[in-house]
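Geometric and topological summary
Here are the chains, one letter per residue:
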Amino acid sequence: MATVLSLADVDRIATLARLELTGDERARFAAQLSAILAYADQVQQVDTSGAAPDEGAGGSRMRDDEPAPSLDRERVLSQAPAADRAAGLFKVPRVLGS
Amino acid sequence: MSVPERASDIRAAVATKAISAVEVCRAALDRIARIDPPLHAFLHVDADGALARAAEIDRAPAADAPLLGVPVALKDNICTAGVRTTAGSRVLEHYTPPYSAAVVERLERAGAVIVGKTNCDEFAMGSSTEHSAFGPTRNPWAPDRTPGGSSGGSAVAVAAGMVPLALGSDTGGSIRQPAALCGVLGLKPTYGRVSRYGLIAFGSSLDQIGPFARSARDLAALFGVIAGHDPRDSTSATAAVPDYAAALTGDVRGLTIGVPRDLLSEGVEPGVRAAFDASLDALREAGAVLRDVALPHAPLAIPVYYLVANAEASSNLARYDGVRYGTRAESSTLHDVYYHSRARFGAEVKRRIMIGTFVLSAGYYDAYYLKAHQVRALIRRDYDEAFTHVDVVALPTSPTGAFRLGERTDDPLQMYLADVFTVSANLAGLPAISIPCGVTDGGLPVGLQLTAKPFDEATLLKGAEALERRQPMRRPDAGRP
């Protein structure tokens with residue numbers, strides 16, 4: 001699969017990632033991402049029959065889900081760009097209606 | 001008395017009150033103030049916090065604390081409660097974590113004095129520290145060259161003698177490669193050996209925190225402090241932590257070292273090759289046995305790594321949306337808050353989020369992401385097979401010495417190839433160390449990388465100490481006392 005990304009592809013991926021790109025970045029990324037993906041295409045040629053995809057990843061350990069103290073709400077909200085500390089809420093622009 | 005250079009000697013001097021922790025701390029802060037401005041290893045020096053901590057230690061010294069009064073620097077992607085933590089990003093320019101990383105708690109319990117936070121590529125994404133939003137770090141051996149990365153600031157702080165010890169993080173070589181390029185020791189522990197609680201996430205199936213030092217003994221001491229189980233990191237291992245200092249016997253008789261010669265046939269600088277061969281000769285003369293091994297899938301490690309790491313990064317960095325922390329670009333809609341806030345990522349971070357998003361997107365997931373994980377399994381099997389014949393696998397840490405600032409910033413692929421020998425250990429979850437092993441004709445440091453079986457860091461430390469006895473470490477002019 002030779003992957004060449006168009007400007008429209010770059011815009012589509014940027015939308016999925018909620019990334020704002022400058023005009024210059026769009027053009028540069030189309031070329032650079034195509035080159036990186038072309039290089040990565042070599043994995044397609046490998047015979048991976050019999051190799052489970054999860055075999056290489058580190059394992060996770062399960063634990064009981066027990067209530068425990070968490071971070072102090074006030075300290076957490078102090079790092080928010082906008083918060084209603086008294087109500088214990090993060091604030092964002094209106095999402096519904098206008 | 002003057003402040004000793006080694007962490008072990010500092011600890012002993014502070015424990016016997018031959019010197020105070022405050023004197024040790026002041027000496028480190030003075031040295032940072034004197035020599036760091038042109039190098040830019042530190043993003044933030046916490047002078048007040050460090051001196052207060054040192055004074056506390058002097059008031060009530062715990063004589064058995066393994067790092068009593070020892071100054072330590074932390075890569076700025078390790079959270080420190082109440083101390084700014086930026087990960088080298090504009091997005092976290094004003095971020096002050098509400099909690100400390102597990103390794104910070106462990107350092108504090110061990111009597112260490114955290115003096116500051118070191119520069120790194122933004123969110124640890126890079127191999128030169130040039131992708132820091134706050135400007136590059138320079139190599140103390142050659143100021144026109146990079147220190148490597150992404151933990152370049154920590155490597156330089158140790159190489160230039162500002163601190164005896166530092167922590168970095170390693171997702172694809174970010175401890176070992178800068179250690180090699182700056183002529184210090186750097187260890188990437190086994191996946192799961194050190195808690196990542198409080199490490200700003202990049203690639204969660206790859207990230208590990210690890211130590212930098214100028215001697216194997218100091219490296220072992222710091223590693224022993226940070227290693228161990230932590231229930232707050234679901235990938236944290238429960239395996240017992242051995243006494244790493246006990247491995248430092250200098251005796252490598254019978255140690256079998258596998259050399260994957262096929263990987264050395266191209267792309268390795270002659271000066272790097274010469275130093276690598278000489279270090280293996282020195283270990284052989286000390287009684288180690290060299291054997292050829294094959295790692296047939298290793299040439300695929302870079303493409304696999306950049307698919308897996310970037311997919312994980314695109315997911316991990318979705319949290320920077322201008323809502324709960326980080327900087328927000330104010331807009332009238334939530335949608336625009338996301339877009340405009342995330343526009344503040346640097347170019348390399350954006351590139352990686354884009355690649356990761358693409359390979360996880362519908363229609364491409366199987367061909368790229370799933371396939372990369374299958375090849376990753378083959379890379380790990382190669383090592384499993386090699387370790388049935390040998391104790392460790394040896395390669396140069398980096399195929400070249402330190403490269404010039406700006407040399408690779410416009411060519412991401414060229415930059416990625418700096419990690420050609422380091423990424424496999426992350427993909428396979430194995431411990432690996434970079435040991436200083438001489439310099440090139442141009443006078444740039446070279447690192448020998450040894451990789452071992454899971455949880456066999458002791459053998460890596462043994463090898464490092466044995467080599468250190470035979471090839472005394474060199475120091476850059478900027479690193480002399």
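Residues numbered from 1 in each chain as written. Chains lettered and ligands numbered in written order. Predicted model: local features only at pLDDT ≥ 70, side-chain atom pairs only at ≥ 80, totals over all residues. Heavy atoms only, no water.

Here we take up the overall build of chain B. Of regular secondary structure, chain B possesses 15 helices and 11 strands. Against the globule reference of 23 Å for 481 residues, chain B gives a C-alpha radius of gyration of 21 Å, in line with a compact fold. Each of the three principal axes of chain B carries a C-alpha extent, and together these read 60 × 55 × 45 Å. Burial analysis of chain B (481 residues in total) assigns 66% to the buried set. Pairs at least 24 residues apart make up 75% of the contacts formed inside chain B by residues separated by at least 6 positions. When the accessible surface of chain B is split by element, carbon and sulfur atoms take 50% of a total near 14900 Å². (Helix = DSSP H or I, 4+ residues; strand = E, 2+ residues; numbered from the N terminus. Rg over C-alpha atoms; globule rule 2.2 N^0.38 Å. Buried < 20%, exposed > 50% of the residue type's maximum accessible area, 1.4 Å probe, protein only. Contact = heavy atoms within 4.5 Å. Areas by Shrake-Rupley, 256 points an atom, 1.4 Å probe, with all protein chains shown as cover.)

At the interface, 68 residues of chain B touch 55 residues of chain A. In this structure, the connection of chain B to chain A is made through one salt bridge. As a salt-bridge pair, Glu25 of chain A and Lys350 of chain B come within 2.9 Å of each other at their nearest N and O atoms. At the junction of chain B with chain A, the criterion picks out 18 residue pairs in polar contact (both at pLDDT 80 or more). (Salt bridge = Lys/Arg side-chain N within 4 Å of Asp/Glu carboxyl O. Polar contact = N/O pair within 3.5 Å; in protein donor to acceptor, adjacent residues only side chain to side chain.)

In the structure shown here, the tally under the stated rule is 20 salt bridges over all chains. Arg26 of chain A serves as the salt-bridge partner of Asp11 of chain A, at 2.7 Å between the closest nitrogen and oxygen. In this pair, Asp11 of chain A sits in helix H1 (residues 7–16) while Arg26 of chain A sits in helix H2 (residues 23–40), placing the two residues 15 residues apart along the sequence. Among the residues examined, Asp11 of chain A registers a relative accessible area of 29% and is labelled partly exposed. Under the relative-accessibility criterion, Arg26 of chain A is labelled partly exposed at 27%. Among the charged side chains, a network of salt bridges with common partners joins Glu105, Asp230 and Arg232 of chain B.

Moving on to helix H10 (residues 334–342) of chain B. Of all the residues in H10 of chain B, the buried ones are Leu334, Val337, Tyr339, Ser341 and Arg342 of chain B. Against the buried residues of H10 of chain B lie H1 of chain A together with helix H11 (347–360) of chain B.

To continue, consider the environment of Arg11 of chain B. With respect to the element layout, Arg11 of chain B can be found in helix H1 (residues 7–15). The spatial distance from the C-alpha of Arg11 of chain B to the C-alpha of Arg26 of chain B is 15 Å, given a sequence separation of 15 residues.

With that settled, consider the packing of aromatic side chains. The geometry of two aromatic rings is summed up by the distance between their centres and the angle between their planes. Residues and elements named next belong to chain B. Taken as a whole and judged by the stated rule, the model has 13 aromatic pairs over all chains. Ring geometry for Phe123 versus Phe345: centroids 6.0 Å apart, planes at 70°, classification edge-to-face. Here Phe123 is found in the loop between strand S3 (113–118) and helix H5 (152–159), whereas its partner Phe345 is found in the loop between H10 and H11, with 222 residues between them in sequence. Ring centres of Tyr306 and Tyr416 lie 3.7 Å apart, and the angle between their planes is 10°; this geometry places the pair in the stacked category. Here Tyr306 is found in helix H9 (residues 301–316), whereas its partner Tyr416 is found in helix H13 (residues 412–416), with 110 residues between them in sequence. (Phe/Tyr/Trp six-rings, centres within 6.5 Å; stacked < 30°, edge-to-face > 60°.)

This next bit is on the side chain of Thr256 of chain B. Residues and elements named next belong to chain B. With respect to the secondary-structure elements, Thr256 resides in strand S7 (residues 256–259). Judged by relative accessible area, Thr256 falls into the buried class, the value being 11%. Ignoring anything within four residues of it in the chain, the contact list for Thr256 reads Val289, Arg291, His389, Val390, Asp391 and Val392.

Overall, the predicted model of chain B reaches an average pLDDT of 96, with 100% of residues at or above 70. As scored by the predictor, the complex reaches a pTM of 0.97 and an ipTM of 0.93. (pLDDT = per-residue confidence, 0-100.)

All names here are of chain B. Membership of the largest hydrophobic core comes to 173 residues, with the highest contact counts inside it found for Leu107, Phe123, Ile433 and Leu448. Of all the elements, H9 adds the most residues to this core, at 10 residues. Ignoring any residue separated from it by four or fewer positions in sequence, one finds Leu107 in contact with Leu67, Val72, Leu74, Ala112, Ile114, Leu167, Leu222 and Val225. (Core = buried A, V, L, I, M, F, W, Y, C linked by side-chain atoms within 4.5 Å.)

Let us look at the pairing of strand S4 (residues 165–170) of chain B. Residues and elements named next belong to chain B. Counting buried residues along S4, six of its six residues qualify, which places the element largely inside the surrounding structure. The side-chain alternation of S4 yields two buried faces, one formed by Leu165, Leu167 and Ser169 and the other by Ala166, Gly168 and Asp170. Two strands pair when backbone bridges link them, and strand S2 (residues 71–75) and S4 are joined in this way by three bridges, in the parallel orientation. Bridge assignment links Leu74 to a residue of S4, and that residue is Leu167. (Pairing = 2+ DSSP bridges.)

Mapping Asp233 of chain B onto the fold places it in the loop between helix H7 (216–226) and S7. Residues contacting Asp233 of chain B, with those up to four places away along its chain left out, are Val194, Ser195, Arg196 and Tyr197 of chain B.

What follows concerns helix H3 (residues 47–59) of chain B. Residues and elements named next belong to chain B. Here H3 is 13 residues long and its end C-alpha atoms lie 18 Å apart, about the 18 Å a rise of 1.5 Å per residue gives. Turning to H3, its buried residues are Ala50, Leu51, Arg53, Ala54 and Ile57. Buried residues of H3 fall within an arc of 160° about the axis and therefore sit on the same side. Away from its buried face, by an angle of more than 90 degrees, H3 presents the exposed residues Asp48 and Arg59. (Expected span 1.5 Å × (residues − 1). Arc of directions from axis to C-beta.)

The next subject is the sheet that holds strand S8 (residues 289–292) of chain B. Residues and elements named next belong to chain B. With respect to topology, 11 strands assemble into an open sheet ordered S1-S3-S2-S4-S6-S5-S10-S11-S9-S7-S8, the strand pairing being mixed. The sheet is open, and its two borders are formed by strand S1 (42–45) and S8, each paired with just one other strand. This sheet shows a mean twist of 30° between the axes of neighbouring strands, independent of strand direction. Note: strand S5 (residues 185–188) against strand S6 (residues 208–213), two bridges, orientation antiparallel. (Axes fitted to C-alpha atoms, helices over the stretch in contact; angles between N-to-C directions.)

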